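Working through the structure, step by step
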Amino acid sequence: MIRLLMRDLILALRAGGGFGLGLGFFLILVTLVPFGVGPDSERLSAIAPGVLWVGALLACLLSLDRIFALDYEDGSLDLLATAPVPLEGLVAMKALAHWITTGLPLVVAAPMLGVLLHLDGAAYTWLIVTLLIGTPALSFIGAFGAAITVGLKRGGLLMSLLVLPLYIPTLIFGAEVVRRGAQGFDVMTPLLMQGGISAGAIALLPFAAAAAIRISLR
Amino acid sequence: MASLWEWANPRKFMTWTDKALPVISIFAAVLFLAGLIWGFFFTPDDYRQGATVKIFYIHVPSAMIAINAWLMMLIASLIWLIRRHHVSVLAAKAAAPVGMVMTLIALASGAIWGKPMWGTYWEWDPRLTSFLILFLFYVGYLALWEAIEDPDTAADLTSVLCLVGSVFAVLSRYAVNFWNQGLHQGASLSLDKAENVADVFWYPALVALAGFVLLFLALVLLRTRTEIRARRLHAIEMRERVQG
């Protein structure tokens, strides 16, 4: 299992597999928003929590099809599926590798981009905390979407259509925590809800994703 | 030996629906028209809402069908995944466009009603938002059916999507509840509540609801029959290609 994780990490790092691509996309998205809505700092700081969360979500989406597609194309997914490791474990490791290469950099970069959007000072802690809790859910839900569309020739756009509605609860609770944090309200309820969604997604979705891969490889 | 699963036999399904479908269609048409005509022309205007109250006879039944169509798809998908009955998954496939259109009808009629009553076509209210999300789920489900060529793979993957989607649809429903306060009124047709609509509106609404349910049933059966015929046609074509 650890080797599988290392394999994916090394592949992502060495093969130029879009390691920094998600980050660059996140940066560009956040840069574009002020051009769209105007440079007024009050308005920007009001929408900053939502923009940062939507940006993180889209940046995450961008690299999802790499989770299984490359392995499916060169046939290594067939080998991995017949390997003496449960397919569920493989899926979980791949989702984890996706989180380490995409989610974690986003968590680190988000506060800096928060400065660009005049995010309220009190909200930085909560931004980091919710992204840390929420992005694993994004990776695991995304791994399910990637597994469903792995056998399709042009699955990328379809995958976005399938995955984005599944992201709604995570997005709602994540942005809500940051918004409440910025205004100094109690953040415990949405934070716990988001933790619950992440825990549930990590625990259950590898099974659904593995089932989808078994169907696609049949 | 009358087992429930005998209905999963395509031939039995076809012979039975061949007889039942005309009857259901006629009942659906009669009840649908009766409910709507009764509701539109023979009920008084509401003292506050005026004539706009009459959109209720379309809005509420279509919204109920929209939700229950997804529930039916969930059950049919489960039956397919567990017992591998082709008719079941074809029925789920047949129900999806009907449910999607019902969702659209509920959204559109609600928007038309909302303009004079709430002063806006659209409000990010929990119920409205969760219906929009439900619509997105229908779109995704149908798009996945279209995208996969092999029918059994498509059936399997869409069923898995339907299961996972159901969980997330429920999650989203409660998440949006949390996210914004509602403008939409509470349930007005529940059986156990004191503050329901008055009887003059209640009976035509029931008739219209029965009409919508039968309409849904008739459309789903018709579409399922079409799907089964399309499968048979495909099988015949393949056989001829092999022989010729």
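Refer to the preceding data block for the structure.
Given the structure is predicted, the values throughout are model-derived calculations rather than measurements.

Attention shifts here to the overall build of chain A. Helices and strands together make up the secondary structure of chain A, namely 9 helices and 0 strands. When the helices and strands of chain A are listed from N to C terminus, the series reads α-α-α-α-α-α-α-α-α. Expected size for 218 residues packed as a compact globule is a radius of gyration near 17 Å; at 18 Å, chain A falls within 12% of this value. For chain A, the spread of C-alpha atoms along the three principal axes comes to 55 × 35 × 30 Å. The 218 residues of chain A split such that 50% are buried. Counted over contacts in chain A with a minimum sequence separation of 6, partners at least 24 positions apart contribute 82%.

The next point concerns the overall build of chain B. The secondary structure content of chain B amounts to 6 helices and 0 strands. Put simply, chain B runs from its N terminus to its C terminus through helices and strands in the order α-α-α-α-α-α. Each of the 244 residues in chain B was classed as buried or not, and the buried ones make up 38%. A separation threshold of at least 6 residues defines the contact pool for chain B, and within that pool the share at least 24 residues apart is 78%.

Now for the packing of helix α3 (residues 41-62) of chain A against helix α7 (residues 123-148) of chain A. All names here are of chain A. Close contact between α3 and α7 brings their axes to 10 Å; oriented N to C, the two are set at 30 degrees. The pairing of α3 with α7 is recorded here as roughly parallel in orientation. Pair α3 / α7 crosses with right-handed handedness. On α7, the residues that touch Pro49, Leu52, Ala56, Leu57, Cys60 and Leu61 of α3 are Ala123, Leu127, Leu131, Thr135, Leu138, Ser139 and Gly142. In terms of residue class, the contact of α3 with α7 is made up of 10 nonpolar, 3 polar and no charged.

This part covers the interface of chain A and chain B. With 20 residues of chain A at the interface, the matching set in chain B holds 21 residues. Elements supplying a minimum of two residues to the side of chain A that touches chain B: α7, α8 (156-183) and α9 (188-217) of chain A. When residues in the side of chain A that touches chain B are grouped by element, the largest group, 10 residues, is from α8 of chain A. Partitioning the side of chain A that touches chain B into residue classes produces 17 nonpolar, 1 polar and 2 charged.

In this section: unusual backbone geometry. Negative phi characterises most residues that are not glycine, and trans characterises most peptide bonds. Positive phi is not limited to glycine here, since His118 of chain A has a value of about 55 degrees. Here His118 of chain A is to be found in the loop between α6 (87-116) and α7.

All names here are of chain B. Look at helix α2 (residues 56-83) against helix α5 (residues 151-179): their axes get within 9 Å of each other, and the N-to-C directions meet at 130 degrees. Considering their axes alone, α2 and α5 lie oblique with respect to each other. Along this stretch, α2 crosses α5, giving a crossing that reads as left-handed. Along its contact with α2, which presents Met73, Leu74, Ser77, Trp80 and Leu81, the element α5 presents Ala155, Ser159, Cys162, Leu163 and Ser166. Considered class by class, the residues forming the contact of α2 with α5 number 7 nonpolar, 3 polar and no charged.

Thresholds, definitions, all that
Residues numbered from 1 in each chain as written. Chains lettered and ligands numbered in written order. Predicted model: local features only at pLDDT ≥ 70, side-chain atom pairs only at ≥ 80, totals over all residues. Helix = DSSP H or I, 4+ residues; strand = E, 2+ residues; numbered from the N terminus. Rg over C-alpha atoms; globule rule 2.2 N^0.38 Å. Buried ≥ 20, exposed ≤ 12 C-beta atoms within 10 Å, placed from the backbone. Contact = placed C-beta atoms within 7 Å. Axes fitted to C-alpha atoms, helices over the stretch in contact; angles between N-to-C directions. Parallel < 35°, antiparallel > 145°, perpendicular 65-115°, else oblique. Left-handed = near helix turned anticlockwise from the far one by under 90°. Nonpolar A, V, L, I, M, F, W, Y, C, P; charged D, E, K, R; others polar.

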